[in-house]
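Here are the chains, one letter per residue:
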Amino acid sequence: MKTKKIFYTALIIALPFVWTSCGDILDVEPNDVITKENFYKSESDFQAATGPLYNKVWFDFNDKFYYGLGDGRAANMYAPFSDYVYPFTDLTETGLTGPLVSAWASLYNVVQQSNNVIIGISGSPLSDAVKDRYIAEARFMRGTAYWYLASLWGDVIISTNPSELVKNPIVNKNPMKDVYEFAIRDLEFAAKYLPETAGQSGRLTRYSAFGMLSRVYLSFSGVSDNPNSGTRNQEYLDLAKKVAEKVMSSGPYSLMANYEDLFMIDNNNNSESMFALQWVPNGDYGVNNTQASLFCFRF
């Protein structure tokens, strides 16, 4: 009994010291890792946050789906033994077709990582002018992803905060028209706040946003309650023409003299490149362009 009393007394004396020590340690901000508290404090942080929006999040969309659906469905290519091409060529894809599932996940990766960047930058102490520029990059990416989602799936879920979906993952889809309008608002914001010229090679400009807006306006002009009506909304046709003319007359982009030169490695991010995914040469899996391995000659 005497031993127990001594032990309890020692424990009571020691506990306040332990608690105080832990509190002091937790109050020290780590400087060797990225945390929510020490990030989004500078423009270089903004560049680091938006950088992956140009590659990593688009990886599964680009890997097999982009040409599988695009060129496969158009019968520009046929690969009867490739399960990521022939379902689209043969019109036999289902909701479980591999590249289709990967594309859906990839596009929502774009959406949610863009949301995270927007939320993070919005809470930064930097000026609104700097914040709006990089939020515009993220909203361009989100708007482009939602354009693809609306074009391919119609009614889809609109999300602006991933934590809300974590709390309640069962939510209703939004009508296709609403998704298009959401994408348009994102791209219009991007056109307003992106810079006139790219700060780094491959980065977006406001004319990148005008160019994408032209595509989305044109696509949306044909969205109606009767998709077989054969008519288009003249207002959006006019808007598509207006922003396309702005790109051609005021933007920094121009056609290259020789079309073949577009596909040369040395001409990456050339004068025609308004928006391109920025893959890392010889980079890790997920940030490199795997299409090269799928189209190369094999013995």
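The model shown is predicted, which means the values in this text are computed figures rather than measured ones.

1. A short note on the packing of helix α3 (residues 59-73) against helix α5 (residues 98-122)
Link 1 in the chain: As a packed pair, α3 and α5 sit with axes 7 Å apart at the nearest point and diverge in direction by 155°. Between α3 and α5, the angle is such that the two are roughly antiparallel. In terms of crossing hand, the pair formed by α3 and α5 is left-handed. Listed contacts from α5 to Phe 59, Asp 60, Phe 61 and Phe 65 of α3 are Pro 99, Leu 100, Ser 102, Ala 103, Ser 106 and Leu 107.
Link 2 in the chain: Taken together, the residues of the contact of α3 with α5 sort by class into 7 nonpolar, 2 polar and 1 charged.

2. Thoughts on helix α6 (residues 128-153)
Link 1 in the chain: A rise of 1.5 Å per residue sets the reference length of α6, with its 26 residues, at 38 Å; its end C-alpha atoms lie 35 Å apart and thus fit the reference within 8%.
Link 2 in the chain: Within α6, 19 of the 26 residues are buried, leaving the element largely enclosed by the surrounding structure.
Link 3 in the chain: Just downstream of α6 lies Gly 154, where phi reads positive at about 80°.

3. Observations regarding the confidence of the model for the protein
Link 1 in the chain: On average, residues of the protein score 86 in pLDDT, and 86% of them reach the 70 mark or higher.
Link 2 in the chain: The low-confidence segment residues 1-26, where pLDDT is below 50, has 0 contacts with residues more than four positions distant or belonging to other chains.

4. Things to note about the layout of surface pockets
Link 1 in the chain: Taken as a whole, the largest pocket holds about 1700 Å³ of empty space.
Link 2 in the chain: Asn 268, Phe 275, Ala 276, Leu 277 and Asn 289 are, among the 38 residues lining the largest pocket, the residues nearest its centre.
Link 3 in the chain: Listed by contribution, the elements that provide at least two residues to the lining of the largest pocket are α3, α6, α9 (206-220) and α11 (291-295).
Link 4 in the chain: Considering only residue class, the lining of the largest pocket consists of 20 nonpolar, 15 polar and 3 charged.
Link 5 in the chain: For the second largest pocket, the calculated volume is near 180 Å³.
Link 6 in the chain: Lining the second largest pocket are 16 residues, and of these Ala 198, Gly 202, Arg 203, Tyr 253 and Ser 273 sit closest to its centre.
Link 7 in the chain: Of the residues in the lining of the second largest pocket, the class split is 6 nonpolar, 9 polar and 1 charged.

5. Quick look at the packing of helix α8 (residues 176-193) against α9
Describing two packed helices takes the angle between their axes plus the distance from one axis to the other.
Link 1 in the chain: Relative orientation of the contacting elements α8 and α9 amounts to 160°, with a least axis distance of 8 Å. The angle between α8 and α9 falls in the class roughly antiparallel. Where α8 crosses over α9, the two elements pack in a sense that is left-handed. Contacts between α8 and α9 involve Lys 177, Tyr 180, Glu 181, Ile 184, Leu 187, Glu 188, Ala 190, Ala 191 and Lys 192 on the former and, on the latter, Arg 206, Ala 209, Phe 210, Met 212, Leu 213, Val 216, Tyr 217, Ser 219 and Phe 220.
Link 2 in the chain: Classifying every residue of the contact of α8 with α9 gives 12 nonpolar, 1 polar and 5 charged.

6. What about the nonpolar core?
Generally speaking, nonpolar side chains in soluble globular proteins are found buried as a group.
Link 1 in the chain: Membership of the largest hydrophobic core comes to 61 residues, with the highest contact counts inside it found for Trp 58, Phe 140, Met 141, Tyr 146 and Leu 213.
Link 2 in the chain: Elements with a contribution of two residues or more to this core: α2 (43-50), α3, α5, α6, α8, α9 and α10 (234-250).
Link 3 in the chain: The element contributing the most residues to this core is α6, with 12 residues.

Reading guide: rules and limits
- Residues numbered from 1 in each chain as written.
- Predicted model: local features only at pLDDT ≥ 70, side-chain atom pairs only at ≥ 80, totals over all residues.
- Heavy atoms only, no water.
- Axes fitted to C-alpha atoms, helices over the stretch in contact; angles between N-to-C directions.
- Helix = DSSP H or I, 4+ residues; strand = E, 2+ residues; numbered from the N terminus.
- Parallel < 35°, antiparallel > 145°, perpendicular 65-115°, else oblique.
- Left-handed = near helix turned anticlockwise from the far one by under 90°.
- Contact = heavy atoms within 4.5 Å.
- Nonpolar A, V, L, I, M, F, W, Y, C, P; charged D, E, K, R; others polar.
- Expected span 1.5 Å × (residues − 1).
- Buried < 20%, exposed > 50% of the residue type's maximum accessible area, 1.4 Å probe, protein only.
- pLDDT = per-residue confidence, 0-100.
- 1 Å grid on protein atoms, 1.4 Å probe; cavity = no way out; pocket = protein on both sides within 12 Å on 5 of 7 lines; lining within 4 Å.
- Points joined across faces, edges and corners; volume = space filled by probe spheres on them.
- Core = buried A, V, L, I, M, F, W, Y, C linked by side-chain atoms within 4.5 Å.

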